[in-house]
Amino acid sequence: MVRRAGPDVQELWRAVSRVLDPEVPALSVVDLGIVRDIRFEIDEVVVDVTPTYSGCPAMDVIEADIIAALRRAGADRVTVRTVYQPAWTTDWLSDEAKAALKEYGIAPPPSTAGGTEELIPLGRRRQTIACPFCGSLDTTVRSEFGSTACKAICFCNACRQPFEYFRPL
């Protein structure tokens, strides 16, 4: 099979890695872990993405930005497929992504990998969330719902700064 000259898959990954998440512009969609695969299928580029939430309102913008980035990189035909299995998890965030969140002023989620299969008790648990500004653990969750469904609003009692927390999933 002969394929016309054009971008290779690594070039396409580099192009998509420059697409920022519109809700958390400190991260690219690749850093966020929602881009699952980029491949050639016959005469088009196919990108598989898994949204952080099934109803994530940013997915239309993300899809359009991915298509635009790949077209700028030389891909003529692009299809973005939404893939729900396996479900996205905050464990797909790299350590670099978590550091970028903290630098941006959003407390990163802890790792949920290696968790147990035990049932999680219903009811309030005190979360220990480090302030991304001063590192204090003397923080409180003010609202389980922040500017997006994946974030909560917190307050640091030490430095008196409000901040968002990227909730683990």
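Residues numbered from 1 in each chain as written. Predicted model: local features only at pLDDT ≥ 70, side-chain atom pairs only at ≥ 80, totals over all residues. Heavy atoms only, no water.

Visitor: Explanation requested: empty space enclosed by the protein in the structure shown.
Guide: Where empty space is left becomes clear once a probe the size of a water molecule has been rolled over the atoms. Summed over the entire model, instances satisfying the criterion amount to one cavity of 30 Å³ or more. Around the largest cavity, the lining residues are Asp21, Glu23, Val24, Leu32, Ile34, Thr52, Cys56, Ile62, Cys150 and Phe166. Counted by class, the lining of the largest cavity contains seven nonpolar, one polar and two charged residues. (1 Å grid on protein atoms, 1.4 Å probe; cavity = no way out; pocket = protein on both sides within 12 Å on 5 of 7 lines; lining within 4 Å. Points joined across faces, edges and corners; volume = space filled by probe spheres on them. Nonpolar A, V, L, I, M, F, W, Y, C, P; charged D, E, K, R; others polar.)

Visitor: I would appreciate a short explanation of the sheet that holds strand β3 (residues 78-82) in the present structure.
Guide: Two modes of strand pairing occur in sheets, parallel and antiparallel, and in both the strands are linked by backbone hydrogen bonds. Reading across from one edge, β1-β2-β3 is the order of the three strands in this open sheet, with mixed pairing throughout. Each of the sheet's edge strands pairs with one partner strand only, and the pair in question is β1 (35-41) and β3. Looking at each pair of strands side by side, their axes are set apart by 20° on average, direction ignored. The pairing of β1 with strand β2 (residues 44-49) spans six bridges and is antiparallel. The residue of β2 that forms the bridge with phenylalanine 40 is valine 45. Its contacts with the sheet place helix α2 (residues 59-72) against β1, β2 and β3, and it is angled at close to 150° to β3. (Pairing = 2+ DSSP bridges. Helix = DSSP H or I, 4+ residues; strand = E, 2+ residues; numbered from the N terminus. Axes fitted to C-alpha atoms, helices over the stretch in contact; angles between N-to-C directions. Contact = heavy atoms within 4.5 Å.)

Visitor: When you look at the packing of aromatic side chains in this model, what are you seeing that I'm missing?
Guide: We describe a pair of aromatic rings using the distance from one ring centre to the other and the angle between the two ring planes. Evaluated as defined, the whole model comprises one aromatic pair. We note arginine 36 situated over the ring of tryptophan 92; from NZ or CZ to the ring centre the distance is 3.6 Å. (Phe/Tyr/Trp six-rings, centres within 6.5 Å; stacked < 30°, edge-to-face > 60°. Lys NZ or Arg CZ within 6 Å of the ring centre and 35° of its normal.)

Visitor: Sorry if this is basic, but what is going on with the nonpolar core here?
Guide: The nonpolar side chains of a soluble globular protein tend to be buried, and buried together. In this structure, Val35, Val47, Ile66, Leu70 and Phe166 are the most contacted members of the largest nonpolar core, which totals 32 residues. For this core, the elements supplying multiple residues, two or more each, are α1 (9-16), β1, β2, α2, β3 and α3 (95-104). Considering every element that reaches this core, the biggest residue donor is α2, with six residues. Among residues more than four places away in sequence, those in contact with phenylalanine 166 are Val24, Leu32, Trp88, Thr90, Leu93, Leu101, Ile106, Ala107, Pro108, Pro109, Cys150 and Lys151. (Core = buried A, V, L, I, M, F, W, Y, C linked by side-chain atoms within 4.5 Å. Buried < 20%, exposed > 50% of the residue type's maximum accessible area, 1.4 Å probe, protein only.)

Visitor: When you look at the pattern of salt bridges in this model, what are you seeing that I'm missing?
Guide: Opposite charge on two side chains lets them pair, provided their charged atoms get close. Evaluation of the coordinates by the stated rule reveals seven salt bridges. A salt bridge links arginine 39 to glutamate 41; its shortest N-O distance comes to 2.8 Å. Put simply, arginine 39 and aspartate 48 hold a salt bridge, and the shortest N to O gap is 3.0 Å. Look at the salt bridges and you will find they share partners, linking Asp37, Arg39, Glu41, Asp48 and Arg81 into a network. (Salt bridge = Lys/Arg side-chain N within 4 Å of Asp/Glu carboxyl O.)

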